[in-house]
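# Fold and geometry: a report
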Amino acid sequence: PKGRIAAGILIILVSSMSTLQAGDLKDGFMGIPWKTDLSGSADFVRIDQEGDISNFIKPSVIHTVGDVKIYPVVYSCFANQFFGVFFQNDVILYGRLRNHFNENYGSATTTRRINPNRTIHTWNHHDARIKLKLNRETGKIILSFYYTPLSVKVDEIRLEAYQNRTRRFLDRIDKDRAM
């Protein structure tokens, strides 16, 4: 009986730790709240900007996800609001990261196989989405964390820009045909 009670307590403690890890994404990423303006922080260095989307790095920081150290990490903001984190590394980390997310967030919400060499796993947690992309052709993985209320807006803007470019292209074809 004492062994069963101890085992039960251990299971509860381990479940609580997993929940705390999973809860980390609810309000932000590794202590950085979603929607934070990173441009005013001396810790972040802007590396790129295109329209309302800015990308930053935090050179002195190494994050750990499960037992995997991830760096360098790119932090993305839309209209000065933090919404995404991106990391690229070697394919050797793929299994460890996938197992970590399955253990902490359950089985992937979706898995897409683009071809035998490319796979995308997605997990959803509160307003956050995790994507783990595997590309065996390049030997790389890309790990992304998104705050979905803002990432959806970014996707809409990019889609609209693409549609506008496509419309301009089609308008030129129509003009050429009319000549």
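Residues numbered from 1 in each chain as written. Predicted model: local features only at pLDDT ≥ 70, side-chain atom pairs only at ≥ 80, totals over all residues. Heavy atoms only, no water.

### Let's talk about the packing of aromatic side chains
Here is the rule: Only Phe, Tyr and Trp rings take part, Trp by its six-membered ring, and two of them pair if their centres are within 6.5 Å. Stacked means planes under 30 degrees apart, edge-to-face means over 60, and tilted covers everything else. To qualify as a helix, a DSSP run of H or I must reach at least 4 residues; to qualify as a strand, a run of E must reach at least 2; elements of each kind are numbered from the N terminus. Each residue's exposure class comes from its accessible area (1.4 Å probe, protein chains only) as a fraction of the maximum for that residue type: buried when under 20%, exposed when over 50%, partly exposed otherwise.
Across all of its chains, the model carries nine aromatic pairs by this definition. With 5.6 Å between their ring centres and 20 degrees between their planes, Trp 34 and Tyr 147 make a pair best called stacked. Of this pair, Trp 34 sits in the loop between β2 (32-33) and β3 (45-50) while Tyr 147 is found in strand β12 (residues 140-147), placing the two residues 113 residues apart along the sequence. For Trp 34, a relative accessible area of 8% gives the class buried.

### Quick notes on the layout of surface pockets
Where empty space is left can be seen by rolling a probe of water-molecule size over the atoms. To keep things clear, this is the line we draw: Both site types are read off a 1 Å grid over the protein atoms alone. A 1.4 Å probe that fits but cannot get out defines a cavity, while an open set with protein on both sides within 12 Å along at least five of seven lines defines a pocket; lining residues have an atom within 4 Å of a point. Grid points are joined across faces, edges and corners, and a volume is the space filled by probe spheres set on the points. Amino acid classes used here: Ala, Val, Leu, Ile, Met, Phe, Trp, Tyr, Cys and Pro are nonpolar; Asp, Glu, Lys and Arg are charged; the rest, including Gly, are polar.
What the largest pocket holds in volume is close to 450 Å³. Secondary structure elements with two or more residues in the lining of the largest pocket: β3, β4 (53-57), β7 (73-78), β8 (81-90), β11 (128-135) and α3 (148-178). For the lining of the largest pocket, the class distribution of residues is eight nonpolar, five polar and eight charged.

### With respect to the sheet that holds β3
Definition in use: For two strands to count as paired, DSSP must find a minimum of two bridges between them. Only the stretch in contact is used when fitting a helix axis, every axis being a line fitted to C-alpha atoms; angles between N-to-C directions are given from 0 to 180 degrees.
Reading across from one edge, β3-β4-β7-β8-β12-β11-β10-β9 is the order of the eight strands in this open sheet, with antiparallel pairing throughout. Of all the strands in the sheet, the pair left with one neighbour each is β3 and β9 (110-115). On average, adjacent strands in this sheet sit at an angle of 20 degrees to one another, irrespective of strand direction. Pairing geometry for strand β10 (residues 118-125) and β11, over eight bridges, is antiparallel.

### Looking at unusual backbone geometry
Residues other than glycine predominantly adopt negative phi, and peptide bonds predominantly adopt the trans conformation. Each neighbour pair has its own omega, and for Tyr 71 with Pro 72 the value is -15 degrees, a cis peptide bond. Tracing the sequence through the fold places Pro 72 in the loop between β6 (68-70) and β7. The phi dihedral of Ala 79 falls on the positive side, at around 50 degrees, and the residue is not glycine. With respect to the element layout, Ala 79 can be found in the loop between β7 and β8. Given a relative accessible area of 37%, Ala 79 falls into the partly exposed group. One non-glycine residue, Asn 80, adopts positive backbone phi at about 60 degrees. By the secondary structure assignment, Asn 80 is in the loop between β7 and β8.

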